[in-house]
Amino acid sequence: MSLYFTKEHEWLRVDGDVAVVGISKHAAEALGDIVFAETPEAGRDLSKGDDAAVVESVKAASDVYAPASGEVLEGNEALADNPGLVNEDPEGEGWFFKMKLANQGELDGMMDEAAYRAWCETL
Amino acid sequence: MANNPSGWAPKSPEVAEGHDVETVTGNRALMLEEPLLFEIGATDQCGVDIDPAGNAPTRLGGLERGSVDLPGLSEPQAVRHYTRLSRQNYGIDLGVFPLGSCTMKHNPRLNEKVARLPGFADVHPLQPVDTVQGALECIEKLGDWLIKLTGMHSVAMSPKAGAHGELCGLLCIRAALEARGDARKVVLVPESAHGTNPATAAFCGYRVENIPANDAGRVDLDALKARLGPDVAAVMITNPNTCGLFEPDMKAISDAVHTAGALVYCDGANFNAIVGRVRPGDLGIDAMHINLHKTFSTPHGGGGPGAGPVVLSEAVAPYAPLPYVRKSGDGYELVEEENAGDSDSFGRMVAFHGQMGMFTRALAYMLSHGADGLKQVAEDAVLNANYVLRRMEDLLDAPYAHSGPCMHEAIFSDRGFAEGLSTLDLAKGLIDEGFHPMTMYFPLVVHGAMLVEPTETESRDGLDQFITAFRHVAKRAREGDETLKQAPLYAPRRRLDETLAARQPVLAYKTPAPDGSSTGLGAKYGGG
């Protein structure tokens, strides 16, 4: 299992061809208290860069992009009742959706954890 | 600088320091606590003496409504309730209202006088047209002013607010593209645009794509050009943009968009900065809404009513909505479906003709200012914003101040605040100082944004008072004054828990249980 990050502050925890996707701790902190999260339905086909989910905080609303192409396997239903999970555990329990990756090659351009954290320091 | 610089006050008996006398009512002299309407009036009583209906037969066939649990209040009870609440409110009639991108300017009382003339105030939209010639002339004349001020081909008067005007403009654009058999799918919206722009495009069925801003806070022209193509229907640009900056490349942007076969929508919410100085028609705009409740001083806030006429280029004008006012001989007529003939109009946006009360006010504003006065409005609004910018930039980070003067609004970021203090804390501190805060956390391109739009309404003295308070609170934020996190200390209510309010909104009143186990506001998760 390996962890990847994007410049859009999403993370992917990849196991075989299945990826769990969420937003990084840095993104969750920048957004502030999350008050609403909408996750995609299972079966939806996503292309890399599509709007996949919506996250709304007391400060702002923004889209969560599909970091890679593939089919949605499951949205995190716990977020509907408790969007605060994204603040409490952004890179764990606060995941947004699981997807089946269509093209593993898309992971190549992403950062590993150390590179991502270092890049955040420069922002 | 205190608001009472002479310090005069009537002589009062001494009260021992720190002796805080509790009142039994919770009131503090003229600072009155006020319960909810439901707590004042019982649902089984009526505030007006009406004889009971007796046993007269109803003709409702059993469809009579039972109790709807509304409290019964007398007129004085209701009047006092809302008057008391209004004393806890803040409005443009009370002081500086620097809400960026909202153009909260003074509503001249002359406008109100004109709007209350019976010939305007009492007209009905279904009156015969020959009895409302004056009202139609007013609409036509206002439209003519808007066309001349913007240098555009024509105007659609009926949209009832800014976002409604955006929808109207984009529907015209879509109709124009479809009429040439070229339905396109994508609308480009720069990061510095108003938040309603992408919403409008999505509502019209377009896919929205962002165009980044450059380091100077303007549209990245090269990025825009690179994205233009046969799938792009329109570009929606706010000019001046939400960073308070003029887009100097506007003509080049329009030319590039037109060359690519697309059309240009301009968000006119910030027209106050350029009215009388710049004609959007000269910049290649195809459609632009104008918020009469911003630039043209009609009342604004509290939910309206707004008015959002849309000026249109020759290319999209044929698709404008019905009805509209047309000169006919010596008088005016309304062009409706019946008499529109072979019209290309995309349809209708509202039942009638638009927001008459706002038309009369806006026209009164234009006529009382004249063309030269409107030009001065823009100049003074820009001068005031630059005064705020330059008086604050040593204390607050002003990310675009280096790129020259701003337009009608000055933008600052939270860079330089002490650890743990935020834009929200500064805004709450301003409330304690007796000012409505500026727009915050918008636009998103600036971290912890504070967007200040003073408008031309403020005098130099008024601005100096605001700036003194703003500087004081900004210093506290920089120096890490922890008490700022407690602000507001002196508002009728302390800081509210916005997160809880958004996650578990209480949307309905519930009668408290008799044993006191729940209060009227105790309902969880949406109040049931």
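Residues numbered from 1 in each chain as written. Chains lettered and ligands numbered in written order. Predicted model: local features only at pLDDT ≥ 70, side-chain atom pairs only at ≥ 80, totals over all residues.

In the annotation of an unreviewed UniProt entry, chain B is listed under the name glycine dehydrogenase (aminomethyl-transferring) and assigned to Sphingomicrobium lutaoense. In UniProt, chain B has this text filed under Catalytic activity (unreviewed entry): "N(6)-[(R)-lipoyl]-L-lysyl-[glycine-cleavage complex H protein] + glycine + H(+) = N(6)-[(R)-S(8)-aminomethyldihydrolipoyl]-L-lysyl-[glycine-cleavage complex H protein] + CO2". (UniProt positions renumbered as here; feature names shortened; annotations may be inferred.)

Within an unreviewed UniProt entry, the label attached to chain A reads Glycine cleavage system H protein, and the organism entered is Sphingomicrobium lutaoense. Its UniProt record, at the heading Sequence similarities (unreviewed entry), says of chain A: "Belongs to the GcvH family." Listed under Function (unreviewed entry) in UniProt, the entry text for chain A is "The glycine cleavage system catalyzes the degradation of glycine. The H protein shuttles the methylamine group of glycine from the P protein to the T protein."

Enquirer: Would you mind showing me how to read the overall build of chain B here?
Expert: Counting secondary structure elements, chain B contains 13 helices and 12 strands. Against the 2.2 N^0.38 benchmark of 24 Å for 528 residues, chain B shows a C-alpha radius of gyration of 27 Å, consistent with a compact globule. Counting only C-alpha atoms, chain B reaches 75 × 75 × 45 Å along its principal axes. When burial is assessed residue by residue, chain B has 39% of its 528 residues classed as buried. (Helix = DSSP H or I, 4+ residues; strand = E, 2+ residues; numbered from the N terminus. Rg over C-alpha atoms; globule rule 2.2 N^0.38 Å. Buried ≥ 20, exposed ≤ 12 C-beta atoms within 10 Å, placed from the backbone.)

Enquirer: It is not clear to me how helix α12 (residues 460-479) of chain B should be interpreted in this structure. Could you clarify?
Expert: Every α-helix winds through 3.6 residues per turn, so residues three or four apart in the chain are directed the same way. Residue and element names in this part refer to chain B. Taking 1.5 Å per residue as the helical rise, α12 with its 20 residues ought to reach 28 Å, and the 28 Å between its terminal C-alpha atoms agrees with that figure. All buried positions along α12 are accounted for by L463, Q465, F466, F470, V473, A474, R476 and A477. End-on, the buried residues of α12 take up no more than an arc of 160°, which puts them together on one face. Projecting away from the buried face of α12 at angles above 90 degrees are the exposed residues R460, D461, K475 and E479. Buried residues along α12 sit in contact with α10 (356-392) and α11 (423-432). (Expected span 1.5 Å × (residues − 1). Arc of directions from axis to C-beta. Contact = placed C-beta atoms within 7 Å.)

Enquirer: What am I meant to see in the interface of chain A and chain B here?
Expert: For an interface, size is often stated in terms of accessible area lost upon the parts coming together. Each partner contributes to the interface: chain A provides seven residues, whereas chain B provides six residues. Residues of the side of chain A that touches chain B, tallied by class, amount to four nonpolar, one polar and two charged. (Nonpolar A, V, L, I, M, F, W, Y, C, P; charged D, E, K, R; others polar.)

Enquirer: Is there a simple way to explain the UniProt feature "domain: Glycine dehydrogenase C-terminal" (unreviewed entry) in chain B in this structure?
Expert: UniProt's feature table lists "domain: Glycine dehydrogenase C-terminal" (unreviewed entry) at residues 379-479 of chain B, given in the numbering used throughout. Between the end C-alpha atoms of residues 379-479 of chain B the distance is 35 Å, and the span holds 44% helix and 8% strand.

Enquirer: How do you make sense of unusual backbone geometry when you look at a structure like this?
Expert: Note: most residues except glycine have negative phi, and most peptide bonds are trans. Residues and elements named next belong to chain B. In this structure, the amide linkage connecting N239 to the following residue, P240, adopts the cis form with an omega of -5°. With an omega of -10°, the peptide bond between L322 and P323 qualifies as cis. Positive phi is not limited to glycine here, since S297 has a value of about 65°. Relative to the helices and strands, S297 is located in the loop between β6 (287-289) and β7 (310-312).

Enquirer: Just to check I follow, could you spell out the UniProt feature "modified residue: N6-lipoyllysine" (unreviewed entry) in chain A for this structure?
Expert: The positions that UniProt labels "modified residue: N6-lipoyllysine" (unreviewed entry) are, in the present scheme, K59 of chain A. With respect to the helices and strands, the residue K59 of chain A is situated in the loop between β6 (51-57) and β7 (61-65). Excluding its chain neighbours within four sequence positions, the residues that come into contact with K59 of chain A are L31 and G32 of chain A together with Y441 of chain B.

Enquirer: Any chance you could explain the domain arrangement of chain B here in plain terms?
Expert: Residue and element names in this part refer to chain B. The domain architecture assigned to chain B consists of domain 1 (110-365) and domain 2 (371-492). Computed from C-alpha coordinates alone, the two centres of domain 1 and domain 2 are separated by 30 Å. Facing the 18 residues of domain 1 at the interface are 19 residues of domain 2. Residue classes in the side of domain 1 that touches domain 2 are distributed as nine nonpolar, seven polar and two charged. (Domains from an automatic or database assignment.)

Enquirer: Please explain the UniProt feature "domain: Lipoyl-binding" (unreviewed entry) in chain A as it appears in this structure.
Expert: When the UniProt feature table is mapped to this numbering, "domain: Lipoyl-binding" (unreviewed entry) covers residues 18-100 of chain A. Across residues 18-100 of chain A, the secondary structure splits into 18% helix and 42% strand, with the terminal C-alpha atoms separated by 5 Å.

Enquirer: Before we go on, may I ask you to explain the sheet that holds strand β2 (residues 186-190) of chain B in this structure?
Expert: Within a sheet, neighbouring strands are paired by backbone hydrogen bonds and run either parallel or antiparallel to one another. Residue and element names in this part refer to chain B. The strand order across the open sheet built from seven strands is β1-β7-β6-β5-β4-β2-β3, with neighbouring strands paired in mixed fashion. This sheet does not close on itself; its edge strands, each paired only once, are β1 (154-156) and β3 (207-211). Within this sheet the neighbouring strands show an average axis-to-axis angle of 25°, counted without direction. One ladder, built from three bridges, connects β6 with β7; its direction is antiparallel. If you follow M288 over to β7, its bridge partner there is V311. Along the sheet, helix α6 (residues 162-179) contacts β1, β4 (232-238), β5 (263-267), β6 and β7; its crossing angle with β6, the most-contacted strand, is approximately 165°. Running over the sheet, helix α7 (residues 196-203) touches β2, β3, β4 and β5 and is turned about 175° from β2. (Pairing = 2+ DSSP bridges. Axes fitted to C-alpha atoms, helices over the stretch in contact; angles between N-to-C directions.)

Enquirer: Help me understand the pairing of strand β9 (residues 97-101) of chain A, please; the structure alone is not making it clear to me.
Expert: The side chains of a regular strand alternate, first on one face of the sheet and then on the other. Residue and element names in this part refer to chain A. Bridge count for strand β3 (residues 18-23) against β9 is four bridges, and the pairing is antiparallel. Bridge pairing in β9 links V18 to K100. Where strand β8 (residues 70-75) and β9 come together, five bridges link them in antiparallel fashion. By the bridge assignment, E74 is partnered in β9 with K98.

Enquirer: Just to check I follow, could you spell out the sheet that holds β7 of chain A for this structure?
Expert: All names here are of chain A. If you walk across this open sheet you meet the three strands as β4-β6-β7, and the pairing is antiparallel. Only two strands of the sheet have a single neighbouring strand rather than two, namely β4 (34-38) and β7. Averaged over all pairs of adjacent strands, the angle between strand axes in this sheet comes to 25°, irrespective of strand direction. In this structure, β4 lies alongside β6, joined through four bridges in antiparallel fashion. Bridge pairing links A37 to V55 in β6.

Enquirer: Would you mind going over helix α5 (residues 133-150) of chain B with me for this structure?
Expert: Residue and element names in this part refer to chain B. The terminal C-alpha atoms of α5 lie 26 Å apart, and with 18 residues this matches the ideal 26 Å at 1.5 Å per residue to within 8%. Among the residues making up α5, those that are buried are A135, L136, C138, I139, L142, G143, L146, L149 and T150. The arc that holds every buried residue of α5, seen down its axis, measures 160°, which confines them to one face. Summarising the geometry of α5, the exposed residues directed more than 90 degrees from the buried face are G134, D144 and K148. The first or second residue beyond α5 is G151, which carries a positive phi of 65°.

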